[in-house]
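Overview (structure and organization)
One letter stands for each residue in the lines below.
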Amino acid sequence: MTLEKLGTVPLYGVGARVRVRRAAPLGHIRTPFYIRGHAGVVERICGAFPNPEELAQQRDGLPAQPLYRVRFRQKDVWPGYRGGASDVIELEIFQHWIE
Amino acid sequence: MIERGHHDMGGLPAGKVRRTEHAYDDWELRVDAMMMLLIGVVGDSKRMTVDELRKNVEALAPADYDKMGYYDRWVISLTQTMIQRGVITSDDLARKLAQVQRRGLSPISRRQRTKGR
Amino acid sequence: MRKETGSYQPYSYFQLMEISLRELLVEKGVVTEDAIAGAMAAMRERGPERGAAMVARAWLDPAYKARMLADGSRAAEELGFEVPGLRLIVVENTSDTHNVIVCTLCSCYPRMLLGLPPEWYKSRPYRSRVVREPRKVLAEFGTKIPPKVQIRVHDSNADMRYMVLPLRPAGTERWSEERLAGLVTRDCLIGVALPQIPKKPKSRKS
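Source: prediction; values computed, not measured.

Moving on, we get to the sheet that holds strand β1 (residues 17–19) of chain A. The six strands are arranged β1(A)-β2(A)-β3(A)-β4(A)-β3(C)-β2(C) in an open sheet whose pairing can be described as mixed. Looking at the sheet topology across the chains shown, the edges are occupied by β1 of chain A together with β2 (97–102) of chain C. Within the sheet, the average angular offset between the axes of one strand and its neighbour, ignoring direction, is 35°.

As structure tokens, this is what we get:
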């Protein structure tokens, strides 16, 4: 992938524990509010993709940002989660959203 | 403080899921097709990104967002994006809307229904 | 929310906008009516049967299944389904794990393979609730997941798209690929349903 070659180097590997930044900027954001501030484990590296926050504003979004599939424990994400203790939720988190 | 957009609804309380199936109308499928062409997923008419489409959907007033159907949002957003991109102007659109509206009294306005899935 | 009847008043505001935008784009040479018709026709061709065919193949062919879990898009292409731009991740249900797919921010869906998503997938209740109370939402679909089975919710919030590889139901050991594919509905591929063996199987050639 050309884009992946242009991209920023991934800082985290599979299995790394990462925390999503808690931030509330304006613009077009693909990091859902509910996951900000939470920590999870990198399940896979999806590649590198142009930053959607930039693409939304007619800019090229380069360098491409590494995109991680991160697995979070549901009971960590939702206070009083009513479900199995092993239940998880997975999201794609761009590297610049990891603190 | 603006913490989350109206569209950013994960985890918020909401009612039961209504398992309705909607057969798409032709005009909705045309909006879908225009989007696919304009973001360049198919063909060579790329004029925008899908993130611009989303940005302009997110910019809708919350009450409108909730009231509008999916392709209602898309057609508004696509049109906004084409104006922002300079592909069309607001003036082009104003004139065209008036023109189409006048024609709307003709038999073209016959309801068209299609079987979607 | 919109009325669910699938019918519209002639020339609603949004239809006016669609016609106006389309005519302007055609006049300016950005798109052609033929290209629009072609894209519509291609979208009508896509549907959950394509995902079902992949699932049935995976149930019968462990090597294909391994390739599908490694690269869903390539596995789709292997069966002749073109999926331009789609980066598909297939997630596998097992006896210990159940997967369910959502897009909380908009309504991302593997549309280049499965066609357009159902209305409920794009609705506020589904998008809001399935991340926080998946078991309850699944139960509303009639899908009861035992407490000891792990639920994995997948929010398709960025560039990847997701499809569930359901567990093959017991009692289908000698079934043909085609018959197996018939068990796999769209809702199974989203993860809100499980393949069900019909009580009274229709007579079909296998």
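What follows continues from the structure just given.
Further remarks concern the interface of chain A and chain C. Taken together, the contact pairs 18 residues of chain A with 18 residues of chain C. Looking at the side of chain A that touches chain C, the elements with two or more residues in it are β2 (39–49) and β4 (88–94) of chain A. Here the side of chain A that touches chain C takes six residues from β4(A), the largest share from any one element. Across the side of chain A that touches chain C, the residue classes break down as ten nonpolar, three polar and five charged.

As a further point, take the interface of chain C and chain B. Counting from both sides, the interface comprises 52 residues of chain C and, opposite them, 56 residues of chain B. Elements that contribute at least two residues to the side of chain C that touches chain B include exactly α1 (13–27), α2 (33–45), α7 (124–129) and α8 (134–140) of chain C. Ranked by residue count, the leading element in the side of chain C that touches chain B is α1(C), at twelve residues. Residue composition of the side of chain C that touches chain B, by class: 27 nonpolar, eleven polar and 14 charged.

With that out of the way, let us pick up the confidence of the model for chain B. Residues and elements named next belong to chain B. Residues of chain B with pLDDT of at least 70 account for 89%, and the chain-wide mean is 89. Low pLDDT, under 50, characterises residues 106–117; the stretch is placed with 22 contacts to residues that sit more than four places away or in other chains. Quick note on the complex model: pTM equals 0.92, ipTM equals 0.94.

Rules used in this analysis
- Residues numbered from 1 in each chain as written.
- Chains lettered and ligands numbered in written order.
- Predicted model: local features only at pLDDT ≥ 70, side-chain atom pairs only at ≥ 80, totals over all residues.
- Pairing = 2+ DSSP bridges.
- Helix = DSSP H or I, 4+ residues; strand = E, 2+ residues; numbered from the N terminus.
- Axes fitted to C-alpha atoms, helices over the stretch in contact; angles between N-to-C directions.
- Contact = placed C-beta atoms within 7 Å.
- Nonpolar A, V, L, I, M, F, W, Y, C, P; charged D, E, K, R; others polar.
- pLDDT = per-residue confidence, 0-100.

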